[in-house]
There are 2 protein chains.
Amino acid sequence: MFNNVTIVGVGLISGSFAIALKDKGFAKHIIGVSRTRESEQKALELGLIDEALPLNEAIKKSDFIYVAIPVDATIPVVKDILDQINETQIVADAGSTKQALCNAIQNHPMRHRFVATHPMWGTEYSGPEAATRQAFTGRSCVICEKQLSDIDAVQKIEHIYTTLGMHLVYMQPDAHDVHAAYVSHISHITSFALANTVLEKEKEEDAIFDLAGGGFESTVRLAKSNPAMWAPIFMQNRENVLDVLNEHIVQLRKFKACLEKENYDYLKELMENANKIKRILH
Amino acid sequence: MFNNVTIVGVGLISGSFAIALKDKGFAKHIIGVSRTRESEQKALELGLIDEALPLNEAIKKSDFIYVAIPVDATIPVVKDILDQINETQIVADAGSTKQALCNAIQNHPMRHRFVATHPMWGTEYSGPEAATRQAFTGRSCVICEKQLSDIDAVQKIEHIYTTLGMHLVYMQPDAHDVHAAYVSHISHITSFALANTVLEKEKEEDAIFDLAGGGFESTVRLAKSNPAMWAPIFMQNRENVLDVLNEHIVQLRKFKACLEKENYDYLKELMENANKIKRILH
């Protein structure tokens, strides 16, 4: 479908996307753009990319440019790309926040060649080595402000994501950011905070190592996530994240009050209410 | 090894243990004891047990009695069993708290026939249908106050657990309960509270359903756990759980303060500290 595709960033998301583009026959040649020489080398070695180039040179050669870098860097980089493309090139991003980016480029004369997307897949690992085959499959992908993108551009991107096995969801950027705070960002904050709790209080690391079972592993695994990626997400979505975080502290305080007052009935009630999550999460 | 084994409780842990005992040739005949007729029937249908009997009758026929019921019920039931056994029978429990039980039976004349254990395996599901093959493997099993149990009893129990692929850890009951608060109980509380947070604030359930990815799933799955099992655990271990919960709220407030004050550097620092969990959790 595309002769030359550029991925900006050569990490977990972009690297996995590059593998999938090749596997599904969407790209003949993949160019990688990275801030560091090491990442470029690693991505070449791993076969994620065919060539590493500086951004400006990569843009000139590419039919499609896919940006998957920390969300604070995404804004100036996407602007820079839009400044340089022509009317046939397509640009998309994979960022975990959408409002700030969409606002920042809303009046750009090339906005119509851009598609704002958020494929809701990831792992706690990062860098080129974290890229995997079979990523994205079975997960949702949000597309924002579809109406601001040219039809040919949107259709190509939709075709790629659905071919990767993703379920498309359309939302306004502000709605996306609210929902993302609930179903993704707060999980990461609780996981980071839980890791800090245990590291702070549990001085016997051997005991953690010996005893930590599946429950701990699953609630804490997100605490391994890359701060360089997640700090900008929390900052850009800070109002929504604060809103959910405040509510979460309120909910934890209810458990605390039950234990302090030995209110067994209310404790069970809180847990029975939480069980309702079964309805929506299988 | 045993002709007749009784499992008290026919749920996730006892049912999985019964399957394993049969699979590994440790038991010829398994008797199930349950409070409800439905669970007994279900356990018989699923082949977890060969026979369902009232506790008193089951004790008389059994070489080994394994108790895996909510920790509040465990105390009177274990006392009742110890009142009825002879010097060759063996009793063990699988409870998630150890201090209250060990204290309650410390002066019982048959304490030496009892082995206090906590196999650190579980899932968020409960009941006979939740029992699975290949449970326990690769996880730790804590044995408390080994010195208070007869050598023949401890050795048999150790042999069973190690044959199931568990790694044995020896601890005093109070140390067990402290560590369990960190590596298991707090994870369940945060998960229950996170489910309540999302259910309280996110009125659009379709959005959760559409968007919830792997991160949300893994931090919230423990919120499906059975309140009848977990409320007594939190209550019996309330001082340790409160201690960890207070620290967790402090840690969450640090994230909150960073966002409120837009202190990006400290936010990254908190997350980098949390990343240290990689050292002890692979």
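Residues numbered from 1 in each chain as written. Chains lettered and ligands numbered in written order. Predicted model: local features only at pLDDT ≥ 70, side-chain atom pairs only at ≥ 80, totals over all residues. Heavy atoms only, no water.

## Some points on the interface of chain B and chain A
Between chain B and chain A, the contact holds 90 residues from the first and 90 residues from the second. Counting the surface lost from both chain B and chain A, the interface buries some 8900 Å², and carbon and sulfur atoms represent 69% of this. Broken down residue by residue, the surface that chain B buries against chain A is led by B:L211, B:L259 and B:I280, which jointly contribute 8%. Between chain B and chain A we count 26 residue pairs in polar contact (both at pLDDT 80 or more) in total. (Contact = heavy atoms within 4.5 Å. Buried area = accessible area lost by both parts, 1.4 Å probe. Polar contact = N/O pair within 3.5 Å; in protein donor to acceptor, adjacent residues only side chain to side chain.)

## A closer look at the sheet that holds strand β8 (residues 167-171) of chain B
Residues and elements named next belong to chain B. Taken together, the 8 strands give an open sheet; going across it, the order is β3-β2-β1-β4-β5-β6-β7-β8, and neighbouring strands pair in mixed fashion. Edge positions in the sheet fall to β3 (51-52) and β8, since each of these pairs with one other strand and no more. Pairing between strand β4 (residues 64-67) and strand β5 (residues 90-93): 4 bridges, direction parallel. By the bridge assignment for β5, Y66 is matched with A92. Here helix α1 (residues 12-23) sits on the sheet in contact with β1 (2-8), β2 (27-33) and β4, set at roughly 165° to β2. (Pairing = 2+ DSSP bridges. Helix = DSSP H or I, 4+ residues; strand = E, 2+ residues; numbered from the N terminus. Axes fitted to C-alpha atoms, helices over the stretch in contact; angles between N-to-C directions.)

## A closer look at the nonpolar core
Judged by nonpolar contacts, the single largest core of 133 residues is most densely connected at A:I81 and B:I81. When residues no more than four places from it in sequence are discounted, the contact partners of B:I81 are B:V8, B:L55, B:I59, B:I65, B:V67 and B:V91. (Core = buried A, V, L, I, M, F, W, Y, C linked by side-chain atoms within 4.5 Å. Buried < 20%, exposed > 50% of the residue type's maximum accessible area, 1.4 Å probe, protein only.)

## Things to note about the relation of the copies chain B and chain A
Rotating chain B by 180° and moving it 0.0 Å along the rotation axis overlays it on chain A with an RMSD of 0.0 Å. In short, the pair behaves as if placed about a two-fold rotation axis. Taking C-alpha positions as reference, the residue of chain B nearest the rotation axis is B:T219, located at 2.2 Å. When you check the interface residues of chain B against chain A, 100% turn up at the interface there too, and the contact is symmetric in its surfaces. (Least-squares fit on C-alpha atoms with pLDDT ≥ 70 in both.)

## Quick look at the pattern of salt bridges
Taken as a whole and assessed by the stated rule, the structure comprises 28 salt bridges over all chains. A salt bridge links A:R238 to B:E262, with the shortest nitrogen-to-oxygen separation between them at 3.5 Å. Of this pair, A:R238 sits in helix α11 (residues 238-260) while B:E262 is found in the loop between α11 (238-260) and α12 (264-274), placing the two residues in two different chains. Judged by its relative accessible area of 51%, B:E262 falls in the exposed class. Between B:E51 and B:K61 there is a salt bridge whose closest N-O contact spans 3.2 Å. Taken together, the residues span a long stretch of sequence, with B:E51 in strand β3 and B:K61 in helix α3 (residues 55-61) at a distance of 10 residues. Each member of the salt-bridge network shares a partner with another, and the members are A:R113, A:D150 and A:D152. (Salt bridge = Lys/Arg side-chain N within 4 Å of Asp/Glu carboxyl O.)

## Considerations on the domain arrangement of chain A
Residue and element names in this part refer to chain A. The domain architecture assigned to chain A consists of domain 1 (2-171) and domain 2 (176-279). A separation of 31 Å is found between the C-alpha centroids of domain 1 and domain 2. With 17 residues of domain 1 at the interface, the matching set in domain 2 holds 17 residues. Of the roughly 1400 Å² buried between domain 1 and domain 2 on both sides combined, carbon and sulfur atoms contribute 62%. When the buried area of domain 1 at its contact with domain 2 is split by residue, S96, T97 and E124 rank highest and sum to 38% of it. Inspection of the domain 1/domain 2 interface yields 1 salt bridge. (Domains from an automatic or database assignment.)

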